[in-house]
Amino acid sequence: MAVKTAGDAPAETPEELQSVRATLKSPRRLKTEVLAGLVVALALIPEAIAFSIIAGVDPRLGLFASFTMAVTIAFVGGRPAMISAATGAIALVIAPLVASHGVDYLIAAVILGGLFQIVLGLSGVARLMRFIPRSVMVGFVNALAILIFMAQVPELLGVSWLVYPLVLLGLVMIFGLPKLSKAVPAPLVAIVVLTLITVLASVAVPTVGDKGDLPESLPSLLVPNVPFTLETLQVIFPYALAMAFVGLLESLMTAKLVDDVTDTRSNKTREAWGQGVANIVTGFTGGMGGCAMIGQTMINVKASGARTRISTFLAGVFLLILVVVLGDVVSVIPMAALVAVMIFVSWATFDWHSIRPRTLKMMPKSETTVMVATVIVVVATHNLAIGVGVGVLVAMVLFARRVAHFVTVKRTVSTVDGQETATYVVNGELFFASSNDLYTQFEYAHDPGHVVIDMQGSHLWDASTVAALDAITEKYRNHGKDVKIVGLNDASLLIRERLGGKLG
């Protein structure tokens, strides 16, 4: 057993590992952050170019967006080590606007979307994250892993056979090197080694340069050339609002995932308005907008071990240096190296525990249904926001259905003060799903002339329940019987007094 001596440094807490000041004082930790930022920057370049193509814009807009988003969010974001850049989700939202009205309207929509995100962030939209069930989160993560893998498939089709051994070699290095040494991130080693092999051996395989031209100048201040009229607002408003919601949802979900991976907490409200600030900066520098990127964030946090804002900031800085200053070098990096990195990210992101037979047997069927529904919708639509929305909706329906069956009604007949009385004891939470069945639980025709409904073990949640109680009392009176409702708690009594007899 190892004995801790007086000279041993105390173990650092997860929160201490996020400290920028402490990291700058530690050469070991600073090296981790620097190398992580470099790996992320290399992985961002082909992704940003690909997303630009999806959006129908020049690759420079995606690359500039990735630079400004990463650098800005490093200062204003609420989740250290999370990477924000141009994303596929945003590209899908804005593509129709670019096709119909052009790039200037896109820039205006990005700026307006950023303003929406600031308003939503300050109004507390981040608190809505508490309503996203764990099963939706697991489905979200698994679907993301599948999408990351699917995005690599086109890079493996219709290419030279030499691509396959290169990808395999890259995977061997990425999975195997950490077992020998973690001094340098394995993905960075794989990228450098595969690049040297292809360059020195003159191997003809697809490269980053084949994805599109890299910019040769720095981004500059840009004001969109659109008329400042109500008509323009009507055009960009729906796209800006969709960008704001999709970007916030993906960013907050990513922040929650990083919280779990690093065992720390983040400021979701700050992250929400920080995304808005980053998008406004991106818009005024000619970028296509963006949000948090789970794939690159997992490279940064899981594969490279980064924990602070330094890695996020350097990812943006390195990206700009690589594409503007070292564009000729970056352009010869084989896509096989980046495909290997992203396949590893896909494998590391997927929650393999969630699909083990033992886990599936143990979990309630409703939880598994929600997870599967989320995965199917996300993979089918390639839209994380839609998939999460459907997952939450399915979870709500199944929860309401399950809770509705917990309401019980027990009937006893006894003599009270010389009068034969039927007493019903109602237990459970009463809301729209459960109260609809409540009406059928009483024997209106066979009960004696006096009926007592004891609600001490229940709670009234909505107007549907009040309407059901009104219908029950009315039906008893139509049968010429006296009915009393007793035992309501204060909140239930208040809602009944306010709505009782007024719902038609």
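Higher on the page you've got the structure.
Rules used in this analysis
- Residues numbered from 1 in each chain as written.
- Predicted model: local features only at pLDDT ≥ 70, side-chain atom pairs only at ≥ 80, totals over all residues.
- Heavy atoms only, no water.
- Helix = DSSP H or I, 4+ residues; strand = E, 2+ residues; numbered from the N terminus.
- Contact = heavy atoms within 4.5 Å.
- Areas by Shrake-Rupley, 256 points an atom, 1.4 Å probe, with all protein chains shown as cover.
- Lys, Arg positive; Asp, Glu negative; His and termini not counted.
- Charge placed at Lys NZ, Arg CZ, Asp CG, Glu CD.
- Salt bridge = Lys/Arg side-chain N within 4 Å of Asp/Glu carboxyl O.
- Buried < 20%, exposed > 50% of the residue type's maximum accessible area, 1.4 Å probe, protein only.
- Patch = residues over 30% accessible without salt bridge, like charges linked within 9 Å, V, L, I, M, F, W, Y side chains within 5 Å.
- Phe/Tyr/Trp six-rings, centres within 6.5 Å; stacked < 30°, edge-to-face > 60°.
- Axes fitted to C-alpha atoms, helices over the stretch in contact; angles between N-to-C directions.
- Parallel < 35°, antiparallel > 145°, perpendicular 65-115°, else oblique.
- Nonpolar A, V, L, I, M, F, W, Y, C, P; charged D, E, K, R; others polar.

A.B. asks: How should the overall build of the protein be read in this particular structure?
C.D. replies: Within the protein, the regular secondary structure consists of 21 helices and 6 strands. Summarising its shape, the C-alpha atoms of the protein cover approximately 105 × 75 × 50 Å along the three principal directions. Put simply, 83% of the contacts in the protein that link residues at least 6 apart link residues at least 24 apart. Counting every atom, the protein has about 23800 Å² of accessible surface; 64% of that belongs to carbon and sulfur. Treating the 36 positive side-chain charges of the protein as one cloud and the 34 negative ones as another, the clouds have centres 7 Å apart.

A.B. asks: Just to check I follow, could you spell out the pattern of salt bridges for this structure?
C.D. replies: Side chains carrying opposite charge are able to pair once their charged atoms draw close together. One pass over the full model with this rule turns up 5 salt bridges. For Asp58, the salt bridge is made with Arg60, and the minimal N-O distance between the two is 3.1 Å. For Arg79, the salt bridge goes to Asp259, with nearest N and O atoms at 2.6 Å. Of the two residues, Arg79 is situated in the loop between α4 (59-76) and β1 (84-85) and Asp259 in helix α10 (residues 230-262); the sequence distance between them amounts to 180 residues. Here Arg79 falls in the buried class, since its relative accessible area comes to 3%. The class of Asp259 is buried, set by a relative accessible area of 10%. A network of salt bridges, in which partner residues are shared, links Arg79, Asp259 and Lys268.

A.B. asks: Looking at this structure, how should I read a nonpolar patch on the surface?
C.D. replies: Nonpolar side chains collect at one region of the surface, where Phe175, Trp347, Trp352, Ile355 and Leu360 lie side by side and expose about 470 Å² of accessible area between them. Here Trp347 lies in helix α15 (residues 335-349).

A.B. asks: Help me understand the packing of aromatic side chains, please; the structure alone is not making it clear to me.
C.D. replies: The description of an aromatic ring pair uses the distance of the two centres, along with the angle that the planes make with each other. Within the structure shown, the criterion is met by 12 aromatic pairs. Judged by centre distance (5.3 Å) and plane angle (80°), the rings of Phe116 and Phe237 are edge-to-face. Of this pair, Phe116 sits in helix α6 (residues 103-122) while Phe237 is found in helix α10, placing the two residues 121 residues apart along the sequence. For Phe116, a relative accessible area of 18% gives the class buried. Ring geometry for Phe442 against Tyr444: centres 6.1 Å apart, planes inclined by 40°, an arrangement best described as tilted. When sorted by exposure, Phe442 lands in the same class as Tyr444, which is buried. Through pairs of rings, three or more aromatic residues link up here, namely Tyr424, Tyr439, Phe442, Tyr444 and Tyr476.

A.B. asks: Got a minute to help me understand the packing of helix α12 (residues 294-303) against α15 in this structure?
C.D. replies: The geometry of a pair of packed helices is captured by two quantities: the angle between their axes and the separation between those axes. Viewed as axis vectors pointing N to C, α12 and α15 meet at an angle of 80°, and their least axial separation amounts to 10 Å. The orientation of α12 relative to α15 falls into the category roughly perpendicular. Counting all contacts with α12, which are made through Gly295, Gln296, Met298, Ile299, Lys302 and Ala303, the residues of α15 involved are Val341, Met342, Phe344, Val345, Ala348 and Thr349. Classifying every residue of the contact of α12 with α15 gives 8 nonpolar, 3 polar and 1 charged.

A.B. asks: Hey, could you run me through unusual backbone geometry in this one?
C.D. replies: With the exception of glycine, most residues fall at negative phi, and the peptide bonds are largely trans. Residue Ser202 is not a glycine yet carries a positive backbone phi of 55°. Considering the arrangement of structural elements, one finds Ser202 in the loop between α9 (186-200) and α10. Look at Asp263: it is not a glycine, yet its phi comes out positive at around 60°. Among the secondary structure elements, Asp263 is positioned in the loop between α10 and α11 (268-284).

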